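Descriptive structure summary
Residue strings, one per chain:
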Amino acid sequence: MKKNWKIETQAIQSGYSPKATEPRVLPIMQSTTFKYESADHVAQLFDLDCADPMYTRIGNPTTSAFEAKIAEMEGGVGALATSSGQAATTLSILNICHAGEHVVTTTTLYGGTYSLFANTLPKLGIEVSFVDPNASADEIKKAFRPETRCLFGETIGNPGLNVLDFEKFAAVAKEMDVPLIIDNTFPTPFLCRPLEHGANIVMHSTTKYIDGHATSVGGVIIDGGTFNWDNGKFATMTEPDSSYHGLKYIEKFGEMAYIVKARVQLMRDLGATPSPFNSFMFNLGAETLPLRMERHSQNALAVAKHLEAHPSVSWVNYPGLESHPSYALTQKYLPKGASGVLTFGIKGGRDAGITFMESCQLIALVVHVGDARSCVLHPGSTTHRQLSEAQQVACGVSPDLIRLSIGIENIDDILADIDQALAASQE
Ligand SMILES: *Cc1c(COP(=O)(O)O)cnc(C)c1O
């Protein structure tokens, strides 16, 4: 029955269904551990013969309810919540890619993801090749090696805001026989479900729209259950795991093999666990996600159109604008809206940009996106400052670029604030 629910209903109802006299609202199970009656029950837990909660590092009922909800909303078979979006990206890769192996990714990435791929994964012996998302399928294939284990991309690149050509990337991943892992943070499952477009694994920084109120840092990985791990490339998925008496993940867990292994191996050993309280916040945020994403998208489109007609603005980058190079892809993959983030170039460059940011009153200067409150940022001097200028340009960041994350306030108030700040920036 649940399978037939639309996403607005899943957002409210999925993941937790109380029995008589139990709390109507998902409780915060702020407990590290859980009580059992028999040694046999505990043995079953440790042998992975039973999915009851064991220890909050590996699973917690509040977190499980949020995971079940988000898995349904994305159309996956299971999910694993993490302590941050960075942890979700890291675990999504480490689960199938080891020292001596290789990742292919697009260049247009969130700054933290770029840094993880360019600096930290190589230190662990995992090499990463970056490809232009506009490259042809043949050029993307050239980046592959025999030891490549996944293809990575963002549905909407942050902060370049290019929409991923799923058809092209899914076809390349399929031909090269590796999973396509997608960071779907900006659209959320309300605006786009990458699993329906050929992705195998989806991850989010739940810190952004899923929380939606800037209260908690978190992440989640969702397994589509569609990838055939038994293709000779993923020994840790098919060969015995000596840390669990030699069990084989694909044999024991079938389509859930990837997400179970991420939990019982990586979360057990690396411990990037969300707190039950934060899982409660993400679950609460998810309840209103469809409504908020609709308003974020409407407001951002209105701001983009307003800026496009404004004399103090040299360019506007929003995938929902007809002038955007990704517009055809937006219509194909984001028909309900292009989310709340846009960038624009201010006349007067870097200095005007800084004055604009400092003149905003309603729109706050914060290092964040996806909040119900509107936010402004100059990435070149903040989130992307640790990258060289060439790396910045490869990520789509120019010196005059201002990023706005449009909130769900009344559009008239947002536009009035932008207009007065633009006027101040040109003085
Ligand atoms: C913020 C963000 C991340 C990292 O998430 P954290 O929760 O901050 O660790 C990853 N990808 C995208 C697209 C993001 O916006």
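Structural notes, computed from the coordinates. What you are looking at is a predicted structure, and each value in this text was computed from that prediction instead of being measured. (Residues numbered from 1 in each chain as written. Predicted model: local features only at pLDDT ≥ 70, side-chain atom pairs only at ≥ 80, totals over all residues. Heavy atoms only, no water.)

1. Description of the pattern of salt bridges
A complete count under the given rule lists 12 salt bridges for this structure. Among the salt bridges present, the one from R145 reaches E127, with a minimum N-O distance of 3.1 Å. Of this pair, R145 sits in the loop between helix 6 (137-142) and strand 4 (148-154) while E127 sits in strand 3 (residues 127-131), and the two are 18 residues apart along the sequence. Given a relative accessible area of 32%, R145 falls into the partly exposed group. On the accessibility criterion, E127 (43% relative accessible area) is partly exposed. Measuring nitrogen to oxygen at the nearest pair gives 3.0 Å for the salt bridge that ties E175 to K141. Here E175, found in helix 7 (residues 166-176), pairs with K141, found in helix 6; they are 34 residues apart in sequence, far enough to count as distant. Through salt bridges that share partners, D138, K141 and E175 make up one connected network. (Salt bridge = Lys/Arg side-chain N within 4 Å of Asp/Glu carboxyl O. Helix = DSSP H or I, 4+ residues; strand = E, 2+ residues; numbered from the N terminus. Buried < 20%, exposed > 50% of the residue type's maximum accessible area, 1.4 Å probe, protein only.)

2. So, unusual backbone geometry
Phi is positive for A214, close to 60°, though the residue is something other than glycine. Looking at the secondary structure, you find A214 in the loop between strand 6 (201-205) and strand 7 (219-223). Positive phi, normally seen in glycine, also occurs at S339, with a value near 70°. Of note, S339 is situated in the loop between helix 14 (327-333) and strand 9 (341-346). Note on S339: relative accessible area 1%, which makes it buried.

3. Thoughts on the sheet that holds strand 9
Neighbouring strands of a sheet are bound in pairs by backbone hydrogen bonds; such pairs are parallel or else antiparallel. Ordered by their spatial adjacency, 5 strands build an open sheet running 8-9-12-11-10, and the pairing between neighbours is mixed. In the strand order of this sheet, the two ends are held by strand 8 (313-317) and strand 10 (364-365), each with one partner. Where strand 10 and strand 11 (residues 375-377) come together, 2 bridges link them in parallel fashion. In the strand pairing of strand 11, A364 is matched with C375. The sheet contacts of helix 15 (residues 349-359) involve strand 9, strand 10, strand 11 and strand 12 (401-405), and relative to strand 9 the element is tilted by about 130°. (Pairing = 2+ DSSP bridges. Contact = heavy atoms within 4.5 Å. Axes fitted to C-alpha atoms, helices over the stretch in contact; angles between N-to-C directions.)

4. Quick look at the state of the cysteines
In this structure the tally under the stated criterion is 0 disulfides. The cysteine C192 is free of any disulfide, with C150 supplying the nearest cysteine sulfur at 19 Å. A residue is classified by how much of its surface remains accessible, and C192, at 3% relative accessible area, is buried. Distance from the sulfur of C375, which forms no disulfide, to the nearest cysteine sulfur (C360) is 11 Å. The class of C375 is buried, set by a relative accessible area of 2%. (Disulfide = S-S within 2.5 Å.)

5. Considering the site of the ligand
Lining the immediate surroundings of the ligand are 13 residues, of which G85, D183, S205, T207 and K208 lie closest. Between an oxygen atom of the ligand and a main-chain N or O atom of G85, the distance comes to 2.8 Å. One of the side-chain nitrogen or oxygen atoms of K208 is found 2.6 Å away from an oxygen atom of the ligand. Out of a free accessible area of 380 Å², the ligand has 93% covered by protein chains. Partitioning the shell around the ligand into residue classes produces 3 nonpolar, 8 polar and 2 charged. (Near = heavy atom within 4 Å. Polar contact = N/O pair within 3.5 Å; in protein donor to acceptor, adjacent residues only side chain to side chain. Areas by Shrake-Rupley, 256 points an atom, 1.4 Å probe, with all protein chains shown as cover. Nonpolar A, V, L, I, M, F, W, Y, C, P; charged D, E, K, R; others polar.)

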